[in-house]
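Spelled out from the first residue to the last, the chains are:
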Amino acid sequence: MPDISDFFISKFRNLSMNIPAPSSYYQPRPYRNAAVRLRNCSLLDFEERKEILKQAGLNVFMFPAHKIPGCDLLSDSGTTTMTMEQWAQMLLGDEAYGSNEGYFELKDQIKDTFGENWISNDENIQNWFIFHQGRACEYALFTVLSRILKMQFETKKISFEPITDNLLTNLSVKLKQRISKNIEKILDTLEISKKNGPAFVIPCNTYFDTTGANVEHRNIIPLNIPCKEHEDDDVSYNFRGNINLEDLKILLEWGKERIPLIYLTITNNAGGGQPVSMKNIKETSKIAKTYKIPLFFDACRFAENAWFIKQYENGYESKKIEDIVHEMFENVDGFHISFKKDGLVNIGGAILIKDESIFMEKYPKFLEKLTDHQILTEGHPTYGGLAGRDLKGLIQGLKIVIRQEYLDHRINQTKRFGWKLIELLKGKKNEAPVLQPIGGHAIYLKMDDFFIGTDTKDTDFKSIALTALLLIGGHRLVELGLYSFGKLKNGKEIPPDPRVNYVRAAIPRLAYEDQDLFSVAEAIKVLYDNREKIPAIKVTYGQDLMLRHFKSRFEFKS
Ligand SMILES: Cc1ncc(COP(=O)(O)O)c(C=O)c1O
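Keep in mind that this is a model prediction, so the values were computed, not measured.

What about the overall build of the protein chain?
Along the backbone of the protein chain there are 20 helices and 14 strands. Over its C-alpha atoms, taken along the principal directions, the protein chain stretches across nearly 70 × 55 × 45 Å. If you take every contact in the protein chain between residues at least 6 apart in sequence, the share linking residues at least 24 apart comes to 73%.

Okay, here's the thing in structure tokens:
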């Protein structure tokens with residue numbers, strides 16, 4: 001008996017017979033291909049992909065990448081095509097155990113990229129730490145911070161009672177509800193009692209999933225407070241990544257002693273790849289300083305964020321990207337970064353903390369403790385989790401990523417892909433289920449709008465079915481919505497708050513041409529035109545697990 005995937009396979013097969021129409025480009029790409037890899041699978045292998053995907057429990061993370069003939073848009077992280085300059089530098093990697101050549105060159109590059117004061121002038125102070133990737137930095141940062149908080153309060157003999165509803169009375173209804181939901185989630189995840197529940201909150205414009213999970217894992221509340229324009233889905237607002245300054249002030253008035261840190265993710269990945277304006281960065285920094293709370297960046301896409309500032313913020317039109325980056329980083333005490341994004345490399349991460357900062361005043365033992373943690377888990381601070389050759393590739397990547405022509409091409413390509421999708425999916429009233437304005441590194445399909453008018457319940461998880469069918473069609477996207485960020489509690493599904501319900505197409509750097517991305521848009525149109533046929537999903541394993549989207553297995557419901 002044919003199943004629903006066979007219907008979509010016949011549609012994808014018809015699509016694959018289309019001859020690409022000429023397009024009207026007048027700007028060449030700012031690079032030429034120096035090496036390419038021919039694929040050893042075909043777009044027409046629909047039946048094979050259907051079978052493999054079934055064996056993988058329809059979980060797109062488990063699908064073998066070498067069997068994807070189209071675009072693999074699962075992530076823009078670690079998927080960069082490195083330049084020949086980077087490969088050439090990697091051959092010069094110095095594989096010494098400690099203090100290799102790359103370490104000293106990276107030190108200079110960090111000053112060039114982020115500003116002089118990111119490396120301590122005191123040779124005896126180690127204030128920058130190399131890790132193998134972003135989440136290793138997050139794990140280290142929050143592990144050490146929570147230990148220090150505990151120590152400080154034990155020394156001062158202060159016991160901080162866990163946050164309960166009685167303590168939330170001075171907050172707005174929205175914040176009260178959001179904090180309560182976070183507390184419930186933490187108590188469940190950590191399997192602890194209310195008596196031992198979280199006593200601290202770290203507010204952020206919007207956390208990436210692993211960053212939020214690492215905060216939670218240390219019994220601290222990761223509180224998302226995106227700006228109003230983002231919560232209202234204002235498609236004309238260019239800086240939807242901003243933090244909500246009003247909410248931030250309310251929180252600080254409520255309990256600044258319970259807020260060890262404030263966070264800005266630049267750009268805001270979980271919230272649509274949206275940038276944070278310089279004005280918002282500066283205002284956040286001013287508020288943080290007033291209350292003497294340290295401010296950090298999750299800086300994965302710092303160069304893309306700077307491009308948006310130059311493009312859309314008054315007074316920055318004629319500034320150089322490198323100067324905008326310096327100005328952004330003047331406002332924070334520290335940052336962590338996964339270099340797998342704007343480091344233009346396939347592996348790497350770092351934590352940097354200014355030695356003269358509110359952070360160091362508040363947590364003077366932090367650097368010492370972090371050094372211990374790094375040696376225990378990654379390696380000596382002079383190489384961290386990376387080989388000497390990785391450092392060389394990264395140094396070169398940091399030189400390239402701030403080049404105007406690179407960033408113009410990178411972000412305009414994302415925009416062209418987004419506009420193509422809007423053109424193909426728009427309805428009678430010109431509305432399309434695409435998050436706008438288009439962000440820097442990815443397109444976000446808005447699932448609530450995609451399935452509007454069909455008989456769809458949250459618990460059908462049709463976005464999972466959509467990504468599975470699209471993979472049979474030859475392209476890989478990922479669900480970042482009700483399944484990834486929601487939770488099963490007492491047999492009931494709790495959606496994320498604020499509600500997030502996307503499928504994301506993240507674009508690897510320097511890897512694809514417009515023709516490739518437009519073919520994804522055409523395949524998505526097939527699914528959109530037949531969306532009432534996209535089936536509901538049965539979760540066969542892992543619905544109750546933490547970070548469940550990485551591990552679960554699914555079947556199409558018939
Ligand atoms: C904003 C943000 N923070 C942190 C991370 C985690 O970095 P990594 O994948 O290197 O662990 C990611 C990864 O995509 C991210 O987008």
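Comments concerning unusual backbone geometry
In this chain, Ile266 is followed by Thr267 through a cis amide linkage whose omega measures -20°. Tracing the backbone shows Thr267 in the loop between strand S4 (262–265) and helix H10 (278–290). A cis amide bond, omega -5°, links Gln436 with the succeeding residue Pro437. The phi dihedral of Phe461 is positive, around 45°, even though this residue is not glycine. Tracing the sequence through the fold places Phe461 in the loop between helix H17 (447–450) and helix H18 (462–473). With 25 C-beta atoms packed within 10 Å, Phe461 lands in the buried category. Despite not being glycine, Leu547 shows a phi value in the positive range, around 45°. Here Leu547 lies in the loop between strand S13 (537–541) and strand S14 (553–556).

Here we look at the pairing of strand S6 (residues 334–338)
Counting buried positions along S6 yields 5 of 5 residues, so the element is predominantly enclosed. Burial along S6 is two-sided: the face carrying Gly334, His336 and Ser338 and the face carrying Phe335 and Ile337 are both buried. Examined bridge by bridge, strand S5 (residues 295–298) and S6 share 3 bridges and lie parallel to one another. Bridge pairing links Phe297 to Phe335 in S6. By the bridge criterion, 5 bridges tie S6 to strand S7 (residues 349–353) in an arrangement that is antiparallel. Across the sheet, the residue bridging to Ile337 is Ala350, located in S7.

Observations regarding the domain arrangement of the protein chain
Structurally, the protein chain comprises domain 1 (4–18 + 38–76 + 404–556) and domain 2 (101–400). Contacts between the two partners involve 24 residues from domain 1, matched on the other side by 27 residues from domain 2. Elements that contribute at least two residues to the side of domain 1 that touches domain 2 include exactly helix H16 (404–425), strand S8 (442–446), helix H19 (482–485) and strand S10 (487–489). The element contributing the most residues to the side of domain 1 that touches domain 2 is H16, with 4 residues. Residues belonging to the side of domain 1 that touches domain 2 are distributed by class as follows: 13 nonpolar, 6 polar and 5 charged.

Examining the site of the ligand
Taken together, the neighbourhood of the ligand is formed by 14 residues, with Gln133, Gly134, Arg135, Phe208 and Ser338 sitting nearest. The set of elements that each furnish at least two residues to the shell around the ligand consists of helix H5 (134–155) and helix H7 (209–217). Its residues assigned to classes, the shell around the ligand shows 2 nonpolar, 9 polar and 3 charged.

Quick word on the packing of helix H2 (residues 46–55) against H18
Remark: H2 packs on H18, axes separated minimally by 8 Å, with the N-to-C direction vectors making an angle of 140°. When the axis of H2 is compared with that of H18, the two are oblique. Residue-level inspection shows Phe46, Arg49, Lys50 and Leu53 of H2 in contact with H18, the latter providing Ala468, Leu471 and Ile472. Residues belonging to the contact of H2 with H18 are distributed by class as follows: 5 nonpolar, no polar and 2 charged.

Let's talk about the nonpolar core
In this structure, Ile202, Val325, Ala350 and Ile351 are the most contacted members of the largest nonpolar core, which totals 149 residues. Counting residues per element, this core draws most heavily on H18, at 8 residues. Two domains share this core, each providing at least three of its residues, namely domain 1 (4–18 + 38–76 + 404–556) and domain 2 (101–400).

Remarks on the sheet that holds strand S12 (residues 502–506)
With antiparallel pairing, the 3 strands of this open sheet are ordered in space as S8-S12-S9. Each edge of the open sheet is held by one strand with a lone partner, namely S8 and strand S9 (478–480). Direction aside, neighbouring strands of the sheet carry axes that sit 35° apart on average. Sheet analysis places S9 next to S12, joined by 3 bridges and oriented antiparallel. In the strand pairing of S12, Glu479 is matched with Val503. Contacting S9 and S12, H18 runs over the sheet at an angle of about 160° to S9.

Some thoughts on the environment of Gly93
Relative to the helices and strands, Gly93 resides in the loop between helix H3 (84–91) and helix H4 (101–114). Here Gly93 falls in the partly exposed class, since 18 other C-beta atoms lie within 10 Å of it. With 294 residues separating them in the primary sequence, Gly93 and Ala387 have C-alpha atoms 7.9 Å apart.

Focus on the environment of Val144
Within the element layout of this structure, Val144 appears in helix H5. Through-space distance from the C-alpha of Val144 to that of Glu368 is 9.9 Å; in sequence the pair is 224 residues apart.

A look at H16
Helix length check: H16, at 22 residues, gives a terminal C-alpha distance of 31 Å against a target of 32 Å (1.5 Å per residue), a fit within 8%. Every buried residue of H16 is listed here: Tyr406, Leu407, Arg410, Ile411, Thr414, Phe417, Gly418, Lys420, Leu421 and Leu425. Contacts made by the buried residues of H16 are with helix H11 (302–312), helix H12 (321–330), helix H15 (388–401), S8 and helix H20 (514–529).

Focus: the environment of His380
Tracing the sequence through the fold places His380 in the loop between helix H14 (366–377) and H15. On the basis of neighbour counts, which here come to 14 C-beta atoms within 10 Å, the residue His380 falls in the partly exposed class. Remark: the alpha-carbon pair of His380 and Lys420, spanning 40 residues in sequence, is separated by 48 Å.

A look at H18
Relative to the 16 Å expected for 12 residues at 1.5 Å per residue, H18 spans 16 Å between its end C-alpha atoms, a close match to the ideal helical length. Counting buried residues in H18 gives 12 out of 12 residues, a clear majority hidden from the surface. Taken together, the buried positions of H18 are occupied by Lys462, Ser463, Ile464, Ala465, Leu466, Thr467, Ala468, Leu469, Leu470, Leu471, Ile472 and Gly473. In the segment just after H18, Gly474 is the residue with positive phi, at about 120°.

Brief notes about the packing of H18 against H20
The geometry of H18 relative to H20 is characterised by a closest axis approach of 10 Å and an angle of 130° between their N-to-C directions. Taken as axis vectors, H18 and H20 run oblique relative to one another. Considering the relative orientation of H18 and H20, their crossing is right-handed. Contacts from Leu466, Leu469, Leu470 and Gly473 of H18 reach H20 at Ala523, Ile524 and Leu527. Looking at side-chain class alone, the contact of H18 with H20 contains 6 nonpolar, 1 polar and no charged residues.

About the thresholds
- Residues numbered from 1 in each chain as written.
- Predicted model: local features only at pLDDT ≥ 70, side-chain atom pairs only at ≥ 80, totals over all residues.
- Helix = DSSP H or I, 4+ residues; strand = E, 2+ residues; numbered from the N terminus.
- Contact = placed C-beta atoms within 7 Å.
- Buried ≥ 20, exposed ≤ 12 C-beta atoms within 10 Å, placed from the backbone.
- Pairing = 2+ DSSP bridges.
- Domains from an automatic or database assignment.
- Nonpolar A, V, L, I, M, F, W, Y, C, P; charged D, E, K, R; others polar.
- Near = placed C-beta within 6 Å.
- Axes fitted to C-alpha atoms, helices over the stretch in contact; angles between N-to-C directions.
- Parallel < 35°, antiparallel > 145°, perpendicular 65-115°, else oblique.
- Core = buried A, V, L, I, M, F, W, Y, C linked by C-beta atoms within 7 Å.
- Expected span 1.5 Å × (residues − 1).
- Left-handed = near helix turned anticlockwise from the far one by under 90°.

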